Amino acid sequence: MSEAPAAAPDEWRRTSPLSFVVGAVMSLRNAVFPALAALVGTGAWRQGWVVIVPTLAAIGAFTALFSYLAWRKFRYRLGDTDIRVERGLLNRTARSVPYERIQDVSLEQSLVPRLFGMVDVKFETGAGGKDEVRIRYVTAAEAEGLREAVRAHQGAEAGATRASAPVEEPCRLLFAMDFRRLATFGVFEFSLVVFAVLAGAAQQFEFLLPFDIWNYRKWIELLAGPGHWLEEAGVAAQAIGAVLAVAVLALVGLATGIARTVQRDYGFRLEESSKGLRRRRGLFTRSDVIMPVHRVQALKLSTGIVRRRFGWHGLSVVSLAQDAKAGHHVVVPFGTLDEIAPVIAATGFALPAADIAWRLPSRSFRLNRALFSAVPLVLGAVAAGVLAPRLGAPSQAALPATVGLLALAGVLALRQLFLSRYDRHALDDKRVFARRGWLAPRLDIASRLKLQSVEIVQGPLARRRGYAALVFGVAGGSLEIGGIPLDDARAIRGAVLGSIAAVDFSRLPG
Amino acid sequence: MDEDEALTPLHPNYVKVVRLTSLLFAAPLVIAALILEATGVLPRGAFLVPVLLLAMWLVIRAPLRRYQARGYQLGDDRLRVVRGLVFNADTVVPFGRVQHIDVHQGPLERAYGLGTLVLHTAGNHNASVALPGVAHDDALAMREAIRAHVKRETM
């Protein structure tokens, strides 16, 4: 634990001995359910403890043995130019990762390793999620040391004069969430996903239920059933029942939202250090990610329909390294614009200036969109109003259907009218801005220099009406500005290409 | 690079390659239609004639239109690729953003001396931009030119 990694390079090391215990516990956790299933499935559990205890003991011994062997056979070394990792019992694998290919060193603690104070170190090379090099389970101090060592080597490669970085260096706190903020965030993350899960589970385990829950008659029978108690309860009681049901829904939704948020973002801290932005979060699985500022390709500022009314926004950065499955890292999950502004400044980006010249999408694009969303509904309304009664449908159903469809068509057309006032894009000397959406607008900010390619796309309608979509290739994402006049698209492309071509990819400024 | 500048058309052999590919696609359809015709389930020609017309359009007309819709422009520091008959895409890749370059050649392309130049960038959108239907030697020359440019810029 006190071992200083920078002091003894070029020396094979093993992960912490505790890690084999952690590994055994983790694989035991995976083995328990299949083992139980096997016991139940073969009917062996009927034999009683005589069979169960030895079986479980054998499984435990096996996993412990394999974890131990895996631990014995795993070793790693910090070389002058690369990290080498060797592992495998029968199939030995030796991998070398040059320091300059390492985009990011992330530390992760799931629940079990965390109980033992162990950390999972992941070296992200940008090569793709599965093939990343991991050193599983070293002590927290060793993990920090590994990260520092990689940073120090990268610094040396880049010609920086920093000899050996101190393990813990002063960081500037950019953003943190206290519990109150977390709870507020959770309220806005209101989610009824648990009902979807329940419905799915009900479908899976249908055979266990006393009756077919999709059978409407059965429900009626059950509710109105023997004694017809619900029917007899009267209107007032039925209304109270309905209110209670809604209240339960709301409570479950709130609880789900808060639980998920707390689990994910507990103890959220974003700090600025000399190596980039450092984010720590998580209740059960604690993760610690450093995002080098010069690898930030673009920013996404987003909000929600309701939370926007209260001034809450979220900020993500798009970078080469990938966060779980999404191509971007959340750096401010839930904050006010005043809290977000310093974070944006720290990434070297800026919000659009107040006097920036916003440009709007083409009018014919809006008109086409409005027609596309409204015309099918109007046709539907006509069909419902005129044709349905002739085909023998009840006439009292036709009128509401017609009115409803017409109203929906009106709303969708109106939405396009509002979007024409909200969708906009702009260009300044360093960045491209694209704002999209009416009720929950989002703003994408990309650095002009870091764009990879520029494409102008036109469908058949767009070609006729003279508008186009402009799509930029961004490392780790993409940025699209839709429905702008063709001349505008060409002008932006020309300007952006001028600034891209002037600087080579390998020399992008840090 | 100006949009007004004329695009370089692809190699004329590209039409032949696309026609052969379309033929391979259309042949099973025509055979199926012939079999259906032979069984006499449908009125004579009710299915066969439209299928034949479609196949002829696919093999004769469409490849030519596609060829006319495609083109490229090789600038000093960027490559512009235009493609698409119905959905038109006009992509520009600056050489400074090229990560690596492939020259691909399928069996049909080889028979006609063509090649496909593929530029790979770090972007998620347009991670690889392909330019099919150039003479294989031209593709190789373009690759060398782009690589020389990349190297010069990096050193």
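Residues numbered from 1 in each chain as written. Chains lettered and ligands numbered in written order. Predicted model: local features only at pLDDT ≥ 70, side-chain atom pairs only at ≥ 80, totals over all residues. Heavy atoms only, no water.

Helix and strand counts for chain A come out as 14 helices and 19 strands. Residues counted as buried form 40% of the 510 residues belonging to chain A. Once local pairs closer than 6 in sequence are excluded, the contacts in chain A between residues at least 24 apart make up 57%. For chain A, the computed accessible surface area is about 27400 Å², with 63% contributed by carbon and sulfur atoms. (Helix = DSSP H or I, 4+ residues; strand = E, 2+ residues; numbered from the N terminus. Buried < 20%, exposed > 50% of the residue type's maximum accessible area, 1.4 Å probe, protein only. Contact = heavy atoms within 4.5 Å. Areas by Shrake-Rupley, 256 points an atom, 1.4 Å probe, with all protein chains shown as cover.)

A tally of regular secondary structure across chain B gives four helices and six strands. Written out in order from the N terminus, the α and β elements of chain B read α-α-β-β-β-β-α-β-β-α. Here chain B, with 155 residues, has 43% of them falling under the buried criterion. In chain B, of all internal contacts separated by at least 6 residues, the share reaching a separation of at least 24 is 49%. Surface accessibility of chain B: about 8400 Å² in total, with carbon and sulfur atoms responsible for 62%.

Here helix α14 (residues 486-501) of chain A contains 16 residues, and its C-alpha end-to-end distance of 22 Å stays within 8% of the 22 Å for a straight helix at 1.5 Å per residue. Residues of α14 of chain A that are buried: Leu486, Asp488, Ala489, Ile492, Arg493, Val496, Leu497, Ser499, Ile500 and Ala501 of chain A. (Expected span 1.5 Å × (residues − 1).)

Moving on to the sheet that holds strand β5 (residues 114-121) of chain B. Residues and elements named next belong to chain B. The three strands lie next to each other as β4-β5-β6, forming an open sheet whose pairing is antiparallel. Each edge of the sheet is formed by a strand with only one pairing partner; in this case those strands are β4 (98-104) and β6 (128-135). Across this sheet, the average inter-strand angle for adjacent strands is 20°, counted without regard to direction. (Pairing = 2+ DSSP bridges. Axes fitted to C-alpha atoms, helices over the stretch in contact; angles between N-to-C directions.)

As enumerated under the stated definition, the model contains 26 salt bridges over all chains in all. In this structure, the salt-bridge partner of aspartate 265 of chain A is arginine 264 of chain A, at a minimum N-O distance of 3.4 Å. Accessibility expressed as a relative area gives 1% for aspartate 265 of chain A, which makes it buried. Note on arginine 264 of chain A: relative accessible area 28%, which makes it partly exposed. Across the salt bridge formed by arginine 78 of chain B and aspartate 77 of chain B, the nearest N and O atoms sit 3.0 Å from each other. (Salt bridge = Lys/Arg side-chain N within 4 Å of Asp/Glu carboxyl O.)

What follows deals with the pairing of strand β5 (residues 118-124) of chain A. Residues and elements named next belong to chain A. For β5, the tally of buried residues reaches six of seven residues, placing the bulk of the element in the interior. Here five bridges tie strand β4 (residues 104-109) to β5, and the two strands are oriented antiparallel to one another. Counted as the bridge partner of serine 106 is lysine 122 from β5. Bridge analysis of β5 against strand β6 (residues 133-139) gives six bridges, and the strand direction is antiparallel.

So, about the environment of proline 460 of chain A. Within the secondary structure layout, proline 460 of chain A lies in helix α13 (residues 460-465). Residue proline 460 of chain A is classed as partly exposed on the basis of its relative accessible area of 41%. Residues in contact with proline 460 of chain A, not counting those within four places in the same chain, are Val86 and Phe87 of chain B.

Below, the discussion takes up the packing of helix α1 (residues 13-39) of chain B against helix α2 (residues 48-69) of chain B. Residue and element names in this part refer to chain B. It is at 9 Å that the axes of α1 and α2 come closest, and there the two elements cross at 175°. In terms of orientation, α1 lies roughly antiparallel with respect to α2. A class-by-class count of the residues in the contact of α1 with α2 yields 20 nonpolar, one polar and three charged. (Parallel < 35°, antiparallel > 145°, perpendicular 65-115°, else oblique. Nonpolar A, V, L, I, M, F, W, Y, C, P; charged D, E, K, R; others polar.)

Taken together, Arg463 and Arg464 of chain A together with Arg61 and Arg65 of chain B make up a surface patch of like positive charges. Of all the elements in the fold, those that place two or more residues in the positive patch are α13 of chain A together with α2 of chain B. Structurally, arginine 65 of chain B is set in helix α2. Owing to a relative accessible area of 36%, arginine 65 of chain B belongs among the partly exposed residues under this scheme. (Patch = residues over 30% accessible without salt bridge, like charges linked within 9 Å, V, L, I, M, F, W, Y side chains within 5 Å. Lys, Arg positive; Asp, Glu negative; His and termini not counted. Charge placed at Lys NZ, Arg CZ, Asp CG, Glu CD.)

Okay, α1 of chain B next. All names here are of chain B. When the terminal C-alpha atoms of α1 are compared, their 39 Å separation across 27 residues agrees well with the 39 Å that a helix rising 1.5 Å per residue should span. At alanine 26, α1 is deflected by roughly 30°, the largest bend along its length, and proline proline 28 occurs up to four residues later in sequence. Every buried residue belonging to α1 is among Asn13, Tyr14, Val15, Val17, Val18, Ser22, Ala26, Val30 and Ala33, and all of these are buried. Residues of α1 that are buried in the fold lie against α2, α3 (107-111), β5 and β6. Glycine 40 occupies a position one or two residues after α1 and carries a positive phi of about 70°. (Bend = angle between axes of the 7 residues up to and from the residue.)

Here the focus is the interface of chain A and chain B. Listed by partner, the interface residues are 32 residues for chain A and 28 residues for chain B. Taken together, the connections running from chain A to chain B amount to two salt bridges. Scanning the region where chain A abuts chain B turns up 10 residue pairs in polar contact (both at pLDDT 80 or more). Listed by contribution, the elements that provide at least two residues to the side of chain A that touches chain B are β17 (451-458), α13, β18 (467-474), β19 (477-485) and α14 of chain A. When residues in the side of chain A that touches chain B are grouped by element, the largest group, eight residues, is from β17 of chain A. (Polar contact = N/O pair within 3.5 Å; in protein donor to acceptor, adjacent residues only side chain to side chain.)

A cluster of nonpolar side chains, namely Val378, Val382, Val386, Leu387, Leu391 and Leu406 of chain A, defines an oily patch on the protein surface of about 540 Å² accessible area. Structurally, the position occupied by valine 378 of chain A is in helix α11 (residues 363-390).

Residue and element names in this part refer to chain A. You can see methionine 26 is positioned in helix α1 (residues 18-42). In this structure, the C-alpha to C-alpha distance between methionine 26 and proline 113, residues 87 residues apart in sequence, is 8.5 Å. When sequence neighbours within four positions are dropped, the list of residues in contact with methionine 26 reads Val112, Pro113 and Tyr137.

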